Amino acid sequence: MEDFLSVLSRCALFQGVAPEEIHTILPCLGSKTRSISKGGPVFLEGEPARWVGVLLTGTAQVVHDDYYGNRSVLSILQPGDTFGEAFSCAGISTMPVSVMALTDCEILLLDCSRVMTTCSHSCHFHTQLIQNLLKGMALKNLAFTEKIRHMSKKTTREKLLSYLLQQAKKQGSASFTIPYDRQGLADYLGVERSAMSAELGKLKKAGLLDTKGSWFCLKDTRRDD
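A short tour of the structure in this document, coming up. (Residues numbered from 1 in each chain as written. Predicted model: local features only at pLDDT ≥ 70, side-chain atom pairs only at ≥ 80, totals over all residues. Heavy atoms only, no water.)

Digging into the environment of Leu77
Part 1: Inspection of the secondary structure puts Leu77 in strand S5 (residues 71–77).
Part 2: By relative accessible area, which is 4% here, Leu77 ends up buried.
Part 3: The spacing of Leu77 and Leu189 is 112 residues in sequence and 17 Å in space, taken between C-alpha atoms.
Part 4: When sequence neighbours within four positions are dropped, the list of residues in contact with Leu77 reads Leu55, Gly58, Thr59, Ala60, Val62, Thr82, Phe83 and Val99. (Helix = DSSP H or I, 4+ residues; strand = E, 2+ residues; numbered from the N terminus. Buried < 20%, exposed > 50% of the residue type's maximum accessible area, 1.4 Å probe, protein only. Contact = heavy atoms within 4.5 Å.)

A closer look at the layout of surface pockets
Part 1: The computed volume of the largest pocket comes to approximately 1300 Å³.
Part 2: What lines the largest pocket is a set of 40 residues, among which Ser75, Leu77, Leu139, Lys140 and Ala143 lie closest to the centre.
Part 3: Among the elements of the structure, S5, strand S6 (82–83), helix H3 (85–90), helix H5 (126–151) and helix H6 (156–171) are those that each provide at least two residues to the lining of the largest pocket.
Part 4: Broken down by element, the lining of the largest pocket gets its largest block of residues, twelve residues, from H5. (1 Å grid on protein atoms, 1.4 Å probe; cavity = no way out; pocket = protein on both sides within 12 Å on 5 of 7 lines; lining within 4 Å. Points joined across faces, edges and corners; volume = space filled by probe spheres on them.)

Quick word on the sheet that holds strand S11 (residues 215–218)
Part 1: On the basis of which strands lie adjacent, the open sheet formed by three strands has the order S9-S11-S10 and antiparallel pairing. The open sheet has two edge strands with one neighbour each: strand S9 (175–177) and strand S10 (209–212). Direction aside, neighbouring strands of the sheet carry axes that sit 15° apart on average.
Part 2: Looking at chain direction, S9 and S11 are connected through three bridges and run antiparallel. Each bridged residue has a counterpart across the sheet, and for Phe176 the counterpart in S11 is Phe216.
Part 3: The strands touched by helix H8 (residues 193–205) within the sheet are S10 and S11, with S10 carrying the most contacts at an inclination of about 130°. (Pairing = 2+ DSSP bridges. Axes fitted to C-alpha atoms, helices over the stretch in contact; angles between N-to-C directions.)

So, the side chain of Thr59
Part 1: When you line up the elements, Thr59 lands in the loop between strand S3 (51–57) and strand S4 (60–65).
Part 2: For Thr59, a relative accessible area of 17% puts it in the buried group.
Part 3: With residues up to four places along the chain from it excluded, the contact list for Thr59 reads Ile76, Leu77, Gln78, Ala101, Leu102, Thr103 and Cys105.

Regarding the pattern of salt bridges
Part 1: On inspection of all chains with the given rule, the structure shows six salt bridges.
Part 2: The shortest N-O distance in the salt bridge between Arg157 and Glu199 comes to 3.8 Å. Residue Arg157 is located in helix H6, and its partner Glu199 is located in helix H8; the two are separated by 42 residues in the primary sequence.
Part 3: Between Glu199 and Lys202 there is a salt bridge, with its nearest N and O atoms 3.8 Å apart. Placement of the pair is Glu199 and Lys202 together in helix H8, with a separation of three residues, close to one helical turn.
Part 4: With relative accessibility at 16%, the residue Glu199 sits in the buried group.
Part 5: Exposure remark for Lys202: the relative accessible area of 48% places this residue in the partly exposed category.
Part 6: Taken together, the shared-partner salt bridges in this structure form one network comprising Arg157, Glu199 and Lys202. (Salt bridge = Lys/Arg side-chain N within 4 Å of Asp/Glu carboxyl O.)

Thoughts on the sheet that holds S4
Part 1: Read across the sheet, four strands follow the order S2-S7-S4-S5 without closing on themselves; strand pairing throughout is antiparallel. A strand with exactly one partner marks an edge of an open sheet, and here the two such strands are strand S2 (41–43) and S5. Each adjacent strand pair in this sheet contributes to an overall mean axis angle of 30°, direction not counted.
Part 2: Where S4 and S5 come together, six bridges link them in antiparallel fashion.

A closer look at H6
The periodicity of an α-helix, 3.6 residues per turn, causes residues three or four places apart in sequence to face the same way.
Part 1: The end-to-end C-alpha separation of H6 is 22 Å, in line with the 22 Å expected for 16 residues at 1.5 Å each.
Part 2: Turning to H6, its buried residues are Thr156, Lys159, Leu160, Ser162, Tyr163, Leu164, Gln166, Gln167 and Ala168.
Part 3: Immediately beyond the C-terminal end of H6, within one or two residues, lies Gly172, with a positive phi of roughly 70°. (Expected span 1.5 Å × (residues − 1).)

Some thoughts on the side chain of Asn132
Part 1: Examined against the element boundaries, Asn132 turns out to sit in helix H5.
Part 2: Exposure remark for Asn132: the relative accessible area of 7% places this residue in the buried category.
Part 3: Among residues more than four places away in sequence, those in contact with Asn132 are Ala12, Leu13, Phe14 and Gln15.

Dropping the structure here:
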């Protein structure tokens, strides 16, 4: 775990907790690590909703598959990101989503019941941990609200532009990189990849944007009168 302290120090869950304190608190939280191969499941829908996860290395995604197997990507996880906390804290019995490894991953799992309850040792940093957990869930709720705003647009073109304009504003530049490949972006927006690719082609041909892979550059086509 020593090798991962730098990642945990940047994790929002451990904000305000010194590295040496992180090392001390992990046993108190019933922590354990797992190695997941690319394409493998970290959590599967239907498994017990008990753990708060922290991605230590690699990339993963939170997904939901409907009855017919259609997949929706809810979020992309990078090192230091947490996952599963909303479900385990809600007290539901099983996970309503799956978490899948996009690359080989190292995962830290924390027992949610121990995270949410101050221990018998009265760790002075446990209160900070609970506050961080609640703040993190609130921020994820805001991110989910953004996703709903994009998906509520009527057409694929409107969904794309809503998302891309929001990314430009968030990153403070008309040129930016998104955390999705083409399939991931289509899954995030809830559209067909072929239809989305067609719209990207039209937008590029119209001079409204340039794109290559996960890189985009929005063009300002406004003209002064």
